[in-house]
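Chain and residue survey
Listed below, chain by chain, are the residues.
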Amino acid sequence: MDGSAQCQGTARARAPDRGDEAGATRGPNDGSGGTRDRSRNPPHTGEVVIKPRFVVQLHDATTLHFDFRLQSGDVLRSWAVPKGPSLDPAVRRLAVPVDDHSLAAGEFEGVHEGQRRGTGAVIIWDEGTADIARDEPGHVSFILHGRKLAGGFALTRTGPKRWILVKARDEDARPGSDIVAEQPASVRSGKTWTQLRDGEQISSTGSKHSPE
Ligand code: MN
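These numbers were taken from a predicted model, which means no experiment stands behind them. (Residues numbered from 1 in each chain as written. Predicted model: local features only at pLDDT ≥ 70, side-chain atom pairs only at ≥ 80, totals over all residues.)

1. Focus on the overall build of the protein chain
Rule in force here: We count a stretch as a helix when DSSP gives it H or I for four or more residues in a row; a strand needs E for two or more, and each element gets its number in order from the N terminus. Burial in this document is a count-based property: other C-beta atoms within 10 Å of a residue's C-beta are tallied, and the residue is buried at 20 or more, exposed at 12 or fewer, or partly exposed in between, with C-beta positions derived from the backbone. Once C-beta atoms are placed from the backbone, any two residues with those atoms within 7 Å are in contact.
Scanning the protein chain from terminus to terminus reveals two helices and 12 strands. Order of helices (α) and strands (β) in the protein chain, N terminus to C terminus: β-β-β-β-β-β-β-β-β-β-β-β-α-α. Among the 212 residues that make up the protein chain, the fraction classed as buried is 33%. A separation of at least 24 residues holds for 52% of the contacts in the protein chain among residues at least 6 apart in sequence.

2. Structural notes on the pairing of strand E4 (residues 53–60)
The condition is simple: Any two strands with at least two DSSP-identified bridges between them are counted as paired.
Summarising burial for E4: seven of the eight residues are buried, a large majority. Pairing between E4 and strand E9 (residues 121–136): seven bridges, direction antiparallel. For Arg53, the partnering residue across the bridge sits in E9 and is Thr129. As paired strands, E4 and strand E5 (residues 64–72) are joined by seven bridges and run antiparallel to one another. Within E5, the position partnered with Phe54 by the bridge is Leu70. Connecting E4 to the next strand, E5, in antiparallel fashion are three residues.

3. Looking at the environment of Gln57
Note on placement: Gln57 falls in strand E4. Residues Gln57 and Trp193, 136 residues apart in the sequence, show an inter-C-alpha distance of 9.7 Å. Ignoring anything within four residues of it in the chain, the contact list for Gln57 reads Phe66, Asp67, Val122, Ile123, Ile124 and Trp125.

4. Digging into the environment of Val75
Along the polypeptide, Val75 turns up in strand E6 (residues 75–81). Of the residues examined, Val75 has 18 C-beta atoms within 10 Å and is grouped as partly exposed. Spatially, the C-alpha atom of Val75 lies 6.2 Å from that of Asp100, the residues being 25 residues apart in sequence.

5. A few points about unusual backbone geometry
Of note, Lys161 is a non-glycine position whose phi angle comes to about 55 degrees, a positive value. Within the secondary structure, Lys161 is located in the loop between strand E11 (150–159) and strand E12 (162–167). Take Lys161: there are 8 C-beta atoms within 10 Å of it, and that puts it in the exposed class.

6. Section: the nonpolar core
Our working rule: A set of buried Ala, Val, Leu, Ile, Met, Phe, Trp, Tyr and Cys residues, joined through C-beta atoms within 7 Å, is what we mean by a nonpolar core.
Counting 33 residues, the largest nonpolar core has Phe68, Ala95, Ile123, Trp125, Leu144 and Leu165 as its most contacted members. For this core, the element with the highest residue contribution is E9, accounting for six residues. Aside from chain neighbours lying at most four places away, what touches Phe68 is Val56, Trp79, Val81, Pro85, Ala95 and Leu165.

7. Quick notes on the pairing of E9
As judged from the two bridges shared by strand E8 (residues 110–111) and E9, these two strands associate in the antiparallel manner. Paired with Gly110 across the bridge in E9 is Val122. Where E9 lies against strand E10 (residues 139–146), eight bridges are found, and the strand directions are antiparallel. Counterpart to Gly128 in the pairing with E10 is Gly146. Between the antiparallel neighbours E9 and E10 lie two residues, among them Gly138 with a positive phi of about 80 degrees.

8. Focus on the environment of Gln183
Mapped onto the elements of the fold, Gln183 is located in the loop between helix H1 (179–182) and helix H2 (193–197). Along the primary structure Gln183 and Lys148 are separated by 35 residues, whereas in three dimensions their C-alpha atoms are 7.8 Å apart.

This is the structure:
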């Protein structure tokens, strides 16, 4: 699949300011693939709701592209979105379905080993939780609670291997905006993809995540 077991990177590095987005009560990431949200539960039940996770990674394989991943059980359904998501409801972004990825792959930020120089770098451009509104063949709609992406979105199949990702017209929509250009950096490290790619030389306040 993604070969993440052979990757070095900052998959386990956590930004210190995580945990306050979207008003959710977020627990530690324990590898279970979900985010605990106790705020939705009456305290007396003792139950814990695990919301599906979403992540958007910026990745250069043969071309630089975004990967939109939405948790479904113990995998991340994945679409390659060449131009990335938009908060402008008038913008329709091509989303090419790709193989499901492991939950661990969605935690990865770093540089995949074993790829030619200048490729394989991945940043976590956004992440958070999702409420799935509809999930049927060829269509899934959901509410995102991320750092950059918020509110309703829909992924709709328009042809073989061709879906579109569109922002819903809701209070989180920002007509005319270009979130990818406005906020290019990783939500984990604060680095842009270019900085991460070149980043073995970039000092980052003492946090060098390479295992060497
Ligand atoms: Mn990719």
